[in-house]
Amino acid sequence: MFFSLILFSCNNENDFTDQSHFSEKILGKWVQIQSFDLVDATTNPTAWSWNDVEAGFTLELLKDNSFIYSVYGTCSTGSYRFNPTLQKIDFEFDCPIEIFGEMSQTLTEYFDMNFIQNQRIILEHASNSQTQKQAMSLMEKVR
């Protein structure tokens, strides 16, 4: 009796389980072009407000897993890890930052990305205490 096993491997452009492939898409410099602020979490659907931003903050994600993030004032550098499965970026700042009145050196931000155009990313900013304090930013890739 003879059995044959044939395995096929497909390279699907929409398969982002490979972390190195995904990391190439988020690398670069991003600038905030809109903010999306929580207005009222008690309503259904939750009330948010979009605001255009003229001189937004920047986020630069470098290949060596370091970053420059201008939103938190003088403390703007550190290292990051991202998790493509959970769509989050964990930031470890070189010094304490203040976010929503809390001091921390770590920050996790969740993101969503337009993989087809690879020119825009949405970041969700939330306090580490998991309160209702949160906002989102629409970022556009500048390089």
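Everything quoted here is computed from the prediction, not taken from an experiment.

(A) Expanded view of the packing of aromatic side chains. Within the structure shown, the criterion is met by 10 aromatic pairs. Taking the centre distance of 4.9 Å and the plane angle of 80° together, the rings of Phe67 and Phe91 count as edge-to-face. In this pair, Phe67 sits in strand E4 (residues 66–69) while Phe91 sits in strand E6 (residues 88–99), placing the two residues 24 residues apart along the sequence. Owing to a relative accessible area of 2%, Phe67 belongs among the buried residues under this scheme. Centre to centre, the rings of Phe91 and Phe93 are 6.3 Å apart; their planes meet at 40°, and the pair counts as tilted. Neither Phe91 nor Phe93 differs from the other in exposure class; each is buried. One aromatic cluster in this structure is built from Phe57, Phe67, Tyr69, Tyr72, Phe91 and Phe93.

(B) Focus on the nonpolar core. Leu61, Tyr69, Tyr80, Phe91 and Phe93 are the most contacted members of the largest nonpolar core, which has 23 residues in total. Taken together, the elements giving at least two residues each to this core come down to strand E3 (58–61), E4, strand E5 (77–83), E6, strand E7 (102–113) and strand E8 (120–126). Looking at which element gives the most residues to this core, the answer is E6, with five residues. The residues touching Tyr69, leaving out its near neighbours within four places in the chain, are Phe57, Thr58, Leu59, Cys75, Ser76, Phe91, Phe93, Leu107, Glu109, Leu123 and His125.

(C) Layout of unusual backbone geometry. Here Asn65, not a glycine, exhibits a phi torsion of approximately 70°, which is positive. Along the polypeptide, Asn65 turns up in the loop between E3 and E4. With relative accessibility at 32%, the residue Asn65 sits in the partly exposed group. Non-glycine residue Gln87 carries a positive phi angle of around 50°. Turning to its location among the elements, Gln87 is positioned in the loop between E5 and E6. On the accessibility criterion, Gln87 (29% relative accessible area) is partly exposed.

Cut-offs and rules
Residues numbered from 1 in each chain as written. Predicted model: local features only at pLDDT ≥ 70, side-chain atom pairs only at ≥ 80, totals over all residues. Heavy atoms only, no water. Phe/Tyr/Trp six-rings, centres within 6.5 Å; stacked < 30°, edge-to-face > 60°. Helix = DSSP H or I, 4+ residues; strand = E, 2+ residues; numbered from the N terminus. Buried < 20%, exposed > 50% of the residue type's maximum accessible area, 1.4 Å probe, protein only. Core = buried A, V, L, I, M, F, W, Y, C linked by side-chain atoms within 4.5 Å. Contact = heavy atoms within 4.5 Å.

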